[in-house]
Amino acid sequence: MNTYEEILQEQRTYFLSGETKDIGHKKENLRKLLRVLKENEEDILSALTEDLGKSHTEGYTTEVGIVLSEIRNAIKHVSSWSRNKRVRTALLHFPSKSYIIKESIGNVLIMSPWNYPFQLTFAPLVGAMAAGCTAIIKPSRYSAATSAVMKRIINDNFDRREFFLFEGGRDVNTALLDLKWDYIFFTGSPNVGKIVLSKAAENLTPVTLELGGKSPVIITEHSDEVLAASRLIFGKFMNLGQTCIAPDYVLVHKSKTKRFLSEIEKGIKKAFGEDPITSKDYGKIINRHHFDRLSGLIKGSPVYSGGKTDEEKLKIAPTILFPASKNDPVMQEEIFGPLMPVLEYENLDDAISFINERPRPLALYIFSNRKEEIEKVHKLVTFGGGCVNDAIMHIVSHHLPFGGVGNSGMGSYHGKRSFDTFTHEKGILKHYRWPDITLRNPPYKKKEGIIRLMLH
């Protein structure tokens, strides 16, 4: 038995003891996690700077702060989330009552990516803790500094029978996926997501897949293009576009193009200065492989503004690509970088068709002042989630599900849905001992009419 199997077996045994399901135990774990994360906040932020060049403000806003908020929300509500739920009982079952037991799903594997290495590791872990599961965590090897800090936080403060983090590369991923889990929570690319789903299918293991894709923006004829430019600068260039829900490309009505492009240029200079590569508020590309990939996409595209790169610092300036077309290399894959293709359209139906010809996106953003335009897009386009007259910010709400559909993923989490993800709802019918009504028993002569009425 290797180390992975050994620890998973310890977690299975501990889970079967029932201790993890106790409400007091769940709250104790959540409070401990809150305390330990706050104690290690500076180390976490420094690691994010080392891995991705994030300023401490960006690191807190987009990673640490979101996780702390999720923990506080879970502590506040875990008792009510965990309660049995009474539901209606059919007349045929009289006299009885029906209820749902919220049951921890068991031993789970959480696999997280490098682009938001802290948030996308701990946000699902909060849900697993609240549900009373055990978890083995496997973060990305690319964000090595953050993974090392997270390993210390988990392995030095929690019982390995309940929570444990493994570092490593593809060989560790493969070894863990070969084991039998009660649930797998994966965040990453669609290509790797297919591998995870295939491995999970071998053991009929349920999964949540948080993937990505080309998330579009629509700027309609009846929109405020100045507002759109301002908010897309934040949404697109935060973390240098290395965000699964980053606006990937912009479909702008031809009447709005000139002003939109002008405002984007001005807004980039206001946010990051004349030379964004030198800005302390502008991060870096995760590694040389992704830097080279993005640099290649720039060379094959019409550069309207930006395009400057720094190979030594792994930095690429905010780059607007216009006039882009559907055949450009940058439109053939998820960009995951600070490149913004801008395409013109003449009527909203054309924009909708353009999106629907492609795999279903994780997010969609529409900028419009007309209710009918917004409703039309939401009715005709299937996507994971999104914003109206904004970008990215739907991910912050505890009250909204976050997840994809089709090629962009399956399942959702955040807030109570994180708890629900790692919970099995066990339906129970409790039939009272008296009176014993035998309507359902044979012989059925003269009973069918009554049974049909009661089942109606």
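Located above this text is the structure these notes cover.
Going along each chain's sequence as written, the residues are numbered from 1 onward. Whole-chain, interface and lining totals are the exception, using all residues; otherwise, since this is a predicted model, local features are given only for residues with pLDDT of at least 70 and side-chain atom pairs are given and counted only at 80 or more. Only heavy atoms go into the side-chain values, all of them from the structure, while hydrogens and water stay out.

Peer 1: Where do I start with the pattern of salt bridges in this structure?
Peer 2: Should a side-chain nitrogen of Lys or Arg be within 4 Å of a carboxyl oxygen of Asp or Glu, the pair is scored as a salt bridge. On inspection of all chains with the given rule, the structure shows 24 salt bridges. Of the charged contacts in the structure, one is a salt bridge between Arg 160 and Glu 6, with a shortest N-O distance of 3.1 Å. Here Arg 160, found in the loop between α6 (144-155) and β5 (163-165), pairs with Glu 6, found in helix α1 (residues 3-16); they are 154 residues apart in sequence, far enough to count as distant. What makes Arg 160 partly exposed here is its relative accessible area of 31%. Summary of the burial criterion: residues with accessible area below 20% of their type's maximum are buried, those above 50% are exposed, and those between are partly exposed, where the area comes from a 1.4 Å probe applied to protein chains only. Judged by its relative accessible area of 34%, Glu 6 is partly exposed. Across the salt bridge formed by Lys 426 and Glu 103, the nearest N and O atoms sit 2.5 Å from each other. Numbering goes from the N terminus for both helices and strands, where a helix is a DSSP run of H or I of at least four residues and a strand is a run of E of at least two.

Peer 1: I would appreciate a short explanation of the sheet that holds strand β17 (residues 409-410) in the present structure.
Peer 2: Whenever strands of a sheet pair, they do so through backbone hydrogen bonds, lying parallel or antiparallel. With mixed pairing, six strands are arranged side by side in an open sheet as β5-β4-β3-β6-β7-β17. Lying at the two open borders of the sheet, with one neighbouring strand each, are β5 and β17. When DSSP finds two or more bridges between a pair of strands, those strands are recorded as paired. Where strand β7 (residues 207-210) and β17 come together, two bridges link them in antiparallel fashion. Across the sheet, the residue bridging to Glu 210 is Gly 409, located in β17.

Peer 1: Looking at this structure, how should I read the nonpolar core?
Peer 2: General note: in soluble globular proteins, nonpolar side chains tend to be found buried as a group. Among the buried residues, those of types Ala, Val, Leu, Ile, Met, Phe, Trp, Tyr and Cys that are joined through side-chain atoms within 4.5 Å form a nonpolar core. Judged by nonpolar contacts, the single largest core of 107 residues is most densely connected at Leu 37, Phe 122 and Phe 260. Here this core takes nine residues from helix α5 (residues 119-131), the largest share from any one element. Listed in part, the 20 residues of the second largest apolar core include Tyr 4, Ile 136, Leu 176 and Ile 184.

Peer 1: Please explain the pairing of strand β2 (residues 96-104) as it appears in this structure.
Peer 2: Within a regular strand, the side chains alternate between the two sheet faces. Inspection of the sheet shows strand β1 (residues 85-87) paired to β2 by three bridges, in the antiparallel sense. For Lys 85, the partnering residue across the bridge sits in β2 and is Ile 100. Alignment of β2 against strand β18 (residues 423-431), held across nine bridges, turns out to be antiparallel. The residue of β18 that forms the bridge with Tyr 99 is Ile 428.

Peer 1: Looking at this structure, I do not really get the sheet that holds β18. What am I missing?
Peer 2: In spatial order, the strands read β1-β2-β18; together these three strands make up an open sheet with antiparallel pairing. The open sheet has two edge strands, β1 and β18, and neither has a second partner. With direction set aside, neighbouring strand axes in the sheet form an average angle of 30 degrees. Only the stretch in contact is used when fitting a helix axis, every axis being a line fitted to C-alpha atoms; angles between N-to-C directions are given from 0 to 180 degrees.

Keep in mind these values describe shape, not function.
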